[in-house]
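Summary of the model geometry
Listed below are the residues making up each chain.
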Amino acid sequence: MERALGRALQSEPGTGYQYSNVGYSLLAAIIELRSGLTYEAYLQQALFDPVGMRRTGYQLPQRNPLQR
């Protein structure tokens, strides 16, 4: 989080646009801190399992690479 929040802005707010996923990384870090789970485990428990998404996940390293 320090690395993401410590960087200088690429442009003044409202004057430019550059896509970044850093917001998702910050969200994952907040979820991990608050839930006590890894981001992947939290998504599995709070989102995928309740709606029956058995073949969906965040990282799933144990899955067949052809199913990613």
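Let me begin by describing the structure that accompanies this report. Every value quoted in this text rests on a predicted model; they were computed, and no experiment measured them.

A word on helix α2 (residues 22-35)
- The end-to-end C-alpha distance of α2, which contains 14 residues, comes to 20 Å, matching closely the 20 Å that a straight helix rising 1.5 Å per residue would cover.
- Of all the positions in α2, only A28, A29 and I31 are classed as buried. Along the axis of α2, the buried positions cluster into a sector of 160°, meaning they face one direction only. Facing away from the buried surface of α2 by more than 90 degrees, the exposed residues are L33 and R34.
- Where α2 is buried, its residues touch α3 (39-48).
- Two residues or fewer past α2, G36 is found with a positive phi of approximately 80°.

Digging into a nonpolar patch on the surface
- A cluster of nonpolar side chains, contributed by M1, L5, I30 and L33, occupies part of the molecular surface with about 450 Å² of accessible area.
- Secondary-structure assignment places I30 in helix α2.

What about the pattern of salt bridges?
- Summed over all chains, the structure comprises one salt bridge.
- One salt bridge in this structure joins R54 and D49, with 3.6 Å as the shortest N-O distance.
- On the basis of relative accessibility, which here comes to 36%, the residue D49 falls in the partly exposed class.

Brief notes about the environment of Y19
- Among the secondary structure elements, Y19 is positioned in the loop between α1 (2-5) and α2.
- By relative accessible area, Y19 is classed as exposed at 55%.
- A polar side-chain atom of Y19 sits 2.6 Å from a polar atom in the side chain of N21.

About the thresholds
- Residues numbered from 1 in each chain as written.
- Predicted model: local features only at pLDDT ≥ 70, side-chain atom pairs only at ≥ 80, totals over all residues.
- Heavy atoms only, no water.
- Helix = DSSP H or I, 4+ residues; strand = E, 2+ residues; numbered from the N terminus.
- Expected span 1.5 Å × (residues − 1).
- Buried < 20%, exposed > 50% of the residue type's maximum accessible area, 1.4 Å probe, protein only.
- Arc of directions from axis to C-beta.
- Contact = heavy atoms within 4.5 Å.
- Patch = residues over 30% accessible without salt bridge, like charges linked within 9 Å, V, L, I, M, F, W, Y side chains within 5 Å.
- Areas by Shrake-Rupley, 256 points an atom, 1.4 Å probe, with all protein chains shown as cover.
- Salt bridge = Lys/Arg side-chain N within 4 Å of Asp/Glu carboxyl O.
- Polar contact = N/O pair within 3.5 Å; in protein donor to acceptor, adjacent residues only side chain to side chain.

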